[in-house]
Amino acid sequence: MFEARLTQGGLLKKLLESVKELVTDANFDCSETGIALQAMDNSHVALVSLLLRSDGFDPYRCDRGFSLGVNLNSLNKILRCAGNDDIITLKADDNSADNLGLIFESPTNERVSEYELKLMDIDQEHLSIPDTEYDATIIMPSAEFQRICRDLTVVSESVSIDVTKESIKFTAEGEVGSGSVKLKPTSSIDKPEESVTIELAQAVSLQFSLKYLTNFTKGTPLSDQVMLCLSENMPLLVEYKMDIGYIRYYLAPKIGDE
Amino acid sequence: MFEARLTQGGLLKKLLESVKELVTDANFDCSETGIALQAMDNSHVALVSLLLRSDGFDPYRCDRGFSLGVNLNSLNKILRCAGNDDIITLKADDNSADNLGLIFESPTNERVSEYELKLMDIDQEHLSIPDTEYDATIIMPSAEFQRICRDLTVVSESVSIDVTKESIKFTAEGEVGSGSVKLKPTSSIDKPEESVTIELAQAVSLQFSLKYLTNFTKGTPLSDQVMLCLSENMPLLVEYKMDIGYIRYYLAPKIGDE
Amino acid sequence: MFEARLTQGGLLKKLLESVKELVTDANFDCSETGIALQAMDNSHVALVSLLLRSDGFDPYRCDRGFSLGVNLNSLNKILRCAGNDDIITLKADDNSADNLGLIFESPTNERVSEYELKLMDIDQEHLSIPDTEYDATIIMPSAEFQRICRDLTVVSESVSIDVTKESIKFTAEGEVGSGSVKLKPTSSIDKPEESVTIELAQAVSLQFSLKYLTNFTKGTPLSDQVMLCLSENMPLLVEYKMDIGYIRYYLAPKIGDE
C-alpha cells in the first residue's frame, strides 16, 4: 500500500510542469524515505532527478518499494484538473498496482475529484550520480536566470558561463550580433531571495546549450533561488530546492565548435 | 418598426459568444413579448433556445412580428465592436427590413457607433419543446460545471452524470485512466451563488458528449448558477437564467456503447 | 564616436514595436541634433519618419554624422531583452562602426547587459517631406483611434474619414454590412488626454486602407493622443508626439473604386 497526501497540491502541479517537456515516461520510485524520479531527457543529453521527502507528506505510507511507471504528459493533464489550493493524495494498491490513484480535495472540501491513471512498465537503468566538489557554486534569483536564458536565445543557441570571484558573466554570440549579461555578488537582508552569491574554488568558463537551460528554467516557479554548480569537464548542475525536496537538472558542457 | 434598447449591452455580447459556435445562421423572432431564437446546432444534435423578454429593454417597440435572419458569426463580430458598458439598440424598419441596425452608445455618450448587418432568409422549422417534469433538477455554480466539463475532457469524450439525493457524480473513463468529480448539496447564506441543490423525484444515470456540454458552458458568463434537468430517455436541459430572459441548451443522452 | 543614453529605455522598446512591422531595414541617421529614421514601408505605400531629439538623452554625443543601417526586427528582438525600466545606451565607434552597441542597465544597477548588433549597408533615398497646411487637423485619444481602426476592420478593408466642424466620422462598408463611428469635439480639463479637437480650414472626405491605419496604431503606447492631418489629394499624416520627439506615418488616400 502506497499513500501520500500533500497539503500544497499546487507544488506537484508545478513539479510536473517542470519535467514533462524533458521526459515522456518515467518511474516514480516510492520508498519509506520518499518519492524519487530519475530520467534522461528524450534525446539522452540531460538528466533530471527529483526527490520529494516522505516527511513533506501527511500522512505518508509506503509498506514496500513501489516503482510506478507513468506517462508524464498524461499525469500532467490530470494534475491540471486539480486546483492550486487542492490537497492531493497519491495512492497505489499492493495487489492491483496498474493504476495510480489521485484524489483532489478542495480546501473547503465541498468538491472531491478522483482520478485513476494507468501505469506502464518502464525499463530504466538507474544512473548513480557521484557526489562532486564543484569549482564554482552560484546561487541567484531563479527568475533572473530564466530571463537571462530567454534573452540570450535571441542571439545564439549556446551560452558561455564565466565565473570569477567578482562576477558571473553569461555570453552569447551569433549571426545578428552578440549579447552578454554580467551579475555581481549582492546580498540583501530585506530580500534574501534577490541575493547573488558566488562560491569559487577555481574560475570556470563553460559553454552550454540554451535550449536545455531554458527547459530547466521551467523549474522557476518551484523556488525563488536557483543553484548552478560548475566544474571543468563536468556536467552542470541546476538545482531548485523546495521545502520538501528538490529538482536537479544535469547537462554536459559543449566542447569546442560543437 | 422594431426597436429594442438594452442598457447593459455587455449582456448581448456574452449571449452571442454563447451561441455562435453551436449555430451559424438563425432567425431572431421579435414580437411584443420579446426576442426569441431557437435553432438546432450545425450537426443537428443539440438545440439552443433563447429568450430576451421585452420588459428588459427600454424602450422596446415591436409593431408586428419580425423574423430577422442573421449570420451569428457576423453579428458577433459587430457586437465585439461595442464596449462592455455600451448601451446597445437594435433596429429594423418595416419597409426595408433587409438590414439589422445596431447602435452602440458609450455611457458618457461622446462616442456613437452605428452598424448595419445584412439580413438573410433562413428556412427554419420551429420545434415545440414540451414542458417536462424532470426526474432530477440540479442547480450549481456555473463556473464549477464549466470546470468539471473541461477537466473530464482530459480523460474521455463522454461523461456519466449520476444523481442521487446525496450527490451528483460526474464520471469519465478513457484510455489513459478515469476521473470523477462528486458534489454534495450545500447552501450558503453569504454566498447563495455557490450553493448546490438537488431536487429529485427519481435517481438518474445518464451519459453525454463532453464536447457539447463544454460548448454549452460558453453560457457561464451569463449567470452565476446553471440548472441541469435530467430524466431517463429525455434530452438534458442546461439553462442559464438572466434578469431579462434565459438561454437553454438541450442534448440527447448517449445510449449504450455509442 | 556616437553615444546616446536614454533614462526611459522603455520608450525605445515601444518605438521599435511601432515601426518593425512596416519597415524591415532602415538607417538611423545620427547627428548633433538627434537620431532620425525615415523609410518607406516594405510595399512602398506608407512612409514612416521618426525623430528623437538629442536633448532627450543624457549624455548625448555625436562627433560627426553617422548612418547606422539596422535590421529592425533584430534590433527589436534585442530591445525586448531590456527591462521596461532599464536605462539604455546606444553606442557606435568611429573606427569600427559595423556594430551598434547597446547597454541595458537595471535601475538598481545590479544587472548590466551588453549587446552588439551587426550593422548593414542600406541604400536609401531620403525623401524630403514638404511642410503642409492641412485642411483638417484632428487631435484625439490614441486608444480611441486604435479601437476605431480595429473595429471597422470587421466590416471592410477601407475606411472613409469625413471631417466637419461638428464631427469626425469614420465609415466602412462591406459585404456583411456597414459601420460608422462618429466623434464630437470634447474637452476635459480633468482629463485633457481624453479630449477631441478639430481644426478645420475646409471639410474633407477621404478614404484609407484600414490595414495601414491599424499598423500605424502600433504607435498608441507612445502617446495618449494622436494627431491626424488631412487634405484632399494629400497623404494623411498620423503623428504620435513624445517628450523627446515624434513618430509620423504618411499614407496616400485611396482614389475611386480602388
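Since this is a predicted model, take the numbers as computed values, not measurements. (Residues numbered from 1 in each chain as written. Chains lettered and ligands numbered in written order. Predicted model: local features only at pLDDT ≥ 70, side-chain atom pairs only at ≥ 80, totals over all residues. Heavy atoms only, no water.)

1. Topic: the overall build of chain A
And then number 1: Along the backbone of chain A there are 4 helices and 18 strands.
And then number 2: In terms of C-alpha radius of gyration, chain A reaches 20 Å, essentially the compact-globule figure of 18 Å for 258 residues.
And then number 3: When burial is assessed residue by residue, chain A has 54% of its 258 residues classed as buried.
And then number 4: Considering only intrachain contacts with a sequence separation of at least 6, the fraction spanning at least 24 residues in chain A is 65%.
And then number 5: Accessible surface, chain A as shown: approximately 12,100 Å² in total, 46% of it carbon and sulfur.
And then number 6: Distance between charge centroids for chain A: 5 Å, based on 24 positive and 42 negative side chains. (Helix = DSSP H or I, 4+ residues; strand = E, 2+ residues; numbered from the N terminus. Rg over C-alpha atoms; globule rule 2.2 N^0.38 Å. Buried < 20%, exposed > 50% of the residue type's maximum accessible area, 1.4 Å probe, protein only. Contact = heavy atoms within 4.5 Å. Areas by Shrake-Rupley, 256 points an atom, 1.4 Å probe, with all protein chains shown as cover. Lys, Arg positive; Asp, Glu negative; His and termini not counted. Charge placed at Lys NZ, Arg CZ, Asp CG, Glu CD.)

2. Re the packing of aromatic side chains
All names here are of chain A.
And then number 1: Considering all chains together, one arrives at 21 aromatic pairs over all chains under this definition.
And then number 2: Here the aromatic rings of Phe-2 and Phe-66 are separated by 6.2 Å at their centres, their planes lie at 40 degrees, and the arrangement is tilted. Of the two residues, Phe-2 is situated in strand 1 (residues 2-6) and Phe-66 in strand 6 (residues 66-71); the sequence distance between them amounts to 64 residues.
And then number 3: Looking at Phe-66, the relative accessible area reads 5%, which means it is buried. (Phe/Tyr/Trp six-rings, centres within 6.5 Å; stacked < 30°, edge-to-face > 60°.)

3. Here we look at the interface of chain B and chain C
And then number 1: Listed per partner, the contact involves 17 residues of chain B and 18 residues of chain C.
And then number 2: With both sides pooled, the region where chain B packs onto chain C buries about 1,300 Å², and carbon together with sulfur makes up 47% of that total.
And then number 3: Where chain B touches chain C, the interface holds 1 salt bridge.
And then number 4: Arg-111 of chain B is paired through a salt bridge with Glu-144 of chain C; the nearest N and O atoms lie 2.7 Å apart. (Buried area = accessible area lost by both parts, 1.4 Å probe. Salt bridge = Lys/Arg side-chain N within 4 Å of Asp/Glu carboxyl O.)

4. Focus on the UniProt feature "domain: Proliferating cell nuclear antigen PCNA C-terminal" (unreviewed entry) in chain A
And then number 1: Here the UniProt-annotated "domain: Proliferating cell nuclear antigen PCNA C-terminal" (unreviewed entry) positions come out as residues 129-254 of chain A.
And then number 2: Within residues 129-254 of chain A, the helical portion is 14% and the strand portion 44%, while the C-alpha atoms at the span's ends are 20 Å from each other. (UniProt positions renumbered as here; feature names shortened; annotations may be inferred.)

5. Quick notes on the relation of the copies chain B and chain A
And then number 1: Overlay of chain B on chain A (RMSD 0.0 Å): rotation 120 degrees, translation along the axis 0.0 Å. In symmetry terms, the pair is related by a three-fold rotation axis. (Least-squares fit on C-alpha atoms with pLDDT ≥ 70 in both.)

6. Side note on the sheet that holds strand 10 (residues 136-141) of chain A
Residue and element names in this part refer to chain A.
And then number 1: Taken together, the 9 strands give an open sheet; going across it, the order is 6-2-3-4-18-17-16-10-14, and neighbouring strands pair in antiparallel fashion. What marks the edges here is a single partner per strand, and that holds for strand 6 and strand 14 (197-200). Across this sheet, the average inter-strand angle for adjacent strands is 15 degrees, counted without regard to direction.
And then number 2: Where strand 10 and strand 16 (residues 225-230) come together, 6 bridges link them in antiparallel fashion. (Pairing = 2+ DSSP bridges. Axes fitted to C-alpha atoms, helices over the stretch in contact; angles between N-to-C directions.)

7. Notes on the pattern of salt bridges
Side-chain pairs of opposite charge can arise where the charged atoms are in close proximity.
And then number 1: As enumerated under the stated definition, the model contains 39 salt bridges over all chains in all.
And then number 2: A salt bridge links Arg-150 of chain A to Asp-151 of chain A, with the shortest nitrogen-to-oxygen separation between them at 4.0 Å.
And then number 3: For the salt bridge of Asp-55 of chain C with Arg-53 of chain C, the shortest nitrogen-to-oxygen distance reads 3.8 Å.
And then number 4: Taking relative accessible area as the criterion, Arg-53 of chain C reaches 32% and is therefore assigned partly exposed.

8. Comments concerning the side chain of Gln-38 of chain C
And then number 1: Among the secondary structure elements, Gln-38 of chain C is positioned in strand 3 (residues 34-40).
And then number 2: Gln-38 of chain C has contacts with Leu-47, Val-48, Ser-49, Gln-124, His-126, Leu-127 and Ile-129 of chain C, leaving out every residue within four places of it along the chain.

9. Regarding the sheet that holds strand 15 (residues 204-209) of chain B
And then number 1: Across the sheet, which stays open at both edges, the 9 strands sit in the order 5(A)-1(A)-7(A)-8(A)-9(A)-13(B)-12(B)-11(B)-15(B) with antiparallel pairing between neighbours. Either end of the sheet is taken by a strand with one partner, and the two such strands are strand 5 (60-62) of chain A together with strand 15 of chain B. The average undirected angle you get between the axes of adjacent strands in this sheet is 15 degrees.
And then number 2: Contacting strand 7 (87-92), strand 8 (99-105) and strand 9 (111-118) of chain A, helix 2 (residues 72-79) of chain A runs over the sheet at an angle of about 20 degrees to strand 8 of chain A.

10. Re the interface of chain B and chain A
And then number 1: The partner chain A presents 17 residues to the 18 residues of chain B that form the contact.
And then number 2: The contact between chain B and chain A buries some 1,200 Å² in all, and 47% of this surface belongs to carbon and sulfur atoms.
And then number 3: Summed over the shared surface of chain B and chain A, the result is 1 salt bridge.
And then number 4: At the boundary of chain B and chain A, one finds 7 residue pairs in polar contact (both at pLDDT 80 or more).
And then number 5: The set of elements that each furnish at least two residues to the side of chain B that touches chain A consists of helix 3 (142-152) and strand 13 (177-183) of chain B.
And then number 6: Class assignment for the residues of the side of chain B that touches chain A results in 6 nonpolar, 6 polar and 6 charged.
And then number 7: Where strand 9 of chain A and strand 13 of chain B come together, 7 bridges link them in antiparallel fashion. (Polar contact = N/O pair within 3.5 Å; in protein donor to acceptor, adjacent residues only side chain to side chain. Nonpolar A, V, L, I, M, F, W, Y, C, P; charged D, E, K, R; others polar.)

11. Quick look at a negative patch on the surface
And then number 1: Taken together, the side chains of Asp-93, Glu-114 and Glu-116 of chain A together with Glu-173 of chain B define an acidic patch exposed on the protein surface.
And then number 2: Structurally, the position occupied by Glu-116 of chain A is in strand 9.
And then number 3: Classification of Glu-116 of chain A by relative accessible area gives partly exposed; the value is 34%. (Patch = residues over 30% accessible without salt bridge, like charges linked within 9 Å, V, L, I, M, F, W, Y side chains within 5 Å.)

12. Considering the environment of Leu-119 of chain A
Residues and elements named next belong to chain A.
And then number 1: Here Leu-119 lies in the loop between strand 9 and strand 10.
And then number 2: In this structure, the C-alpha to C-alpha distance between Leu-119 and Lys-165, residues 46 residues apart in sequence, is 49 Å.
And then number 3: Excluding its chain neighbours within four sequence positions, the residues that come into contact with Leu-119 are Leu-68, Gly-69, Val-70, Ala-97, Asp-98, Asn-99 and Leu-100.

13. Side note on helix 2 (residues 72-79) of chain C
Residues and elements named next belong to chain C.
And then number 1: Counted residue by residue, helix 2 has 6 buried out of 8 residues, so it is predominantly covered.
And then number 2: If you check which residues of helix 2 are buried, you get Leu-72, Ser-74, Leu-75, Asn-76, Ile-78 and Leu-79.
And then number 3: Its side-chain oxygen placed 3.1 Å from the backbone nitrogen of Asn-73, Asn-71 serves as the N-cap of helix 2.

14. Here we look at the packing of helix 1 (residues 9-17) of chain C against helix 2 of chain C
Each pair of packed helices can be summarised by the angle the axes make with each other and by the distance between the axes.
Residues and elements named next belong to chain C.
And then number 1: Interhelical geometry of helix 1 versus helix 2 gives an angle of 145 degrees and a closest axis separation of 10 Å. Classified by chirality, the crossing of helix 2 by helix 1 is left-handed. Between helix 1 and helix 2, the residues in contact are Leu-12, Lys-13, Leu-16 and Glu-17 and Leu-72, Leu-75, Asn-76 and Leu-79, respectively.
And then number 2: Its residues placed into classes, the contact of helix 1 with helix 2 shows 5 nonpolar, 1 polar and 2 charged. (Left-handed = near helix turned anticlockwise from the far one by under 90°.)

15. What about the pairing of strand 16 (residues 225-230) of chain B?
Residues and elements named next belong to chain B.
And then number 1: The element strand 16 is extensively covered by neighbouring structure, given that 6 of its 6 residues are classed as buried.
And then number 2: Alternating residues of strand 16 divide into Gln-225, Met-227 and Cys-229 and Val-226, Leu-228 and Leu-230, and every residue in both groups is buried.
And then number 3: Both strand 16 and strand 17 (residues 236-242) contribute to a ladder of 3 bridges, which runs antiparallel. Within the sheet, the bridge partner assigned to Met-227 lies in strand 17 and is Glu-239.
And then number 4: Connecting strand 16 to the next strand, strand 17, in antiparallel fashion are 5 residues, including Asn-233 with a positive phi near 60 degrees.

16. Some points on unusual backbone geometry
For residues other than glycine, phi is negative in most cases, and the peptide bonds are mostly trans.
All names here are of chain B.
And then number 1: Here the bond from Asp-58 into Pro-59 is cis, since omega is -5 degrees, no more than 30 degrees from zero.
And then number 2: Among the secondary structure elements, Pro-59 is positioned in the loop between strand 4 (46-53) and strand 5 (60-62).
And then number 3: Residues other than glycine seldom take positive phi values, yet His-44 does so here, at roughly 55 degrees.
And then number 4: Residue placement: His-44 occurs in the loop between strand 3 (34-40) and strand 4.
And then number 5: For His-44, a relative accessible area of 57% gives the class exposed.

17. Some words on the side chain of Ser-54 of chain A
And then number 1: You can see Ser-54 of chain A is positioned in the loop between strand 4 (46-53) and strand 5.
And then number 2: Dropping the residues within four chain positions of it, Ser-54 of chain A is found in contact with Glu-32, Thr-33, Gly-34 and Tyr-60 of chain A.

18. Looking at the environment of Thr-186 of chain B
Residue and element names in this part refer to chain B.
And then number 1: Looking at where Thr-186 falls in the secondary structure, it is placed in the loop between strand 13 and strand 14 (197-200).
And then number 2: Given a relative accessible area of 28%, Thr-186 falls into the partly exposed group.
And then number 3: When the C-alpha atoms of Thr-186 and Gln-124 are compared, they prove to be 42 Å apart, with 62 residues separating the residues in sequence.

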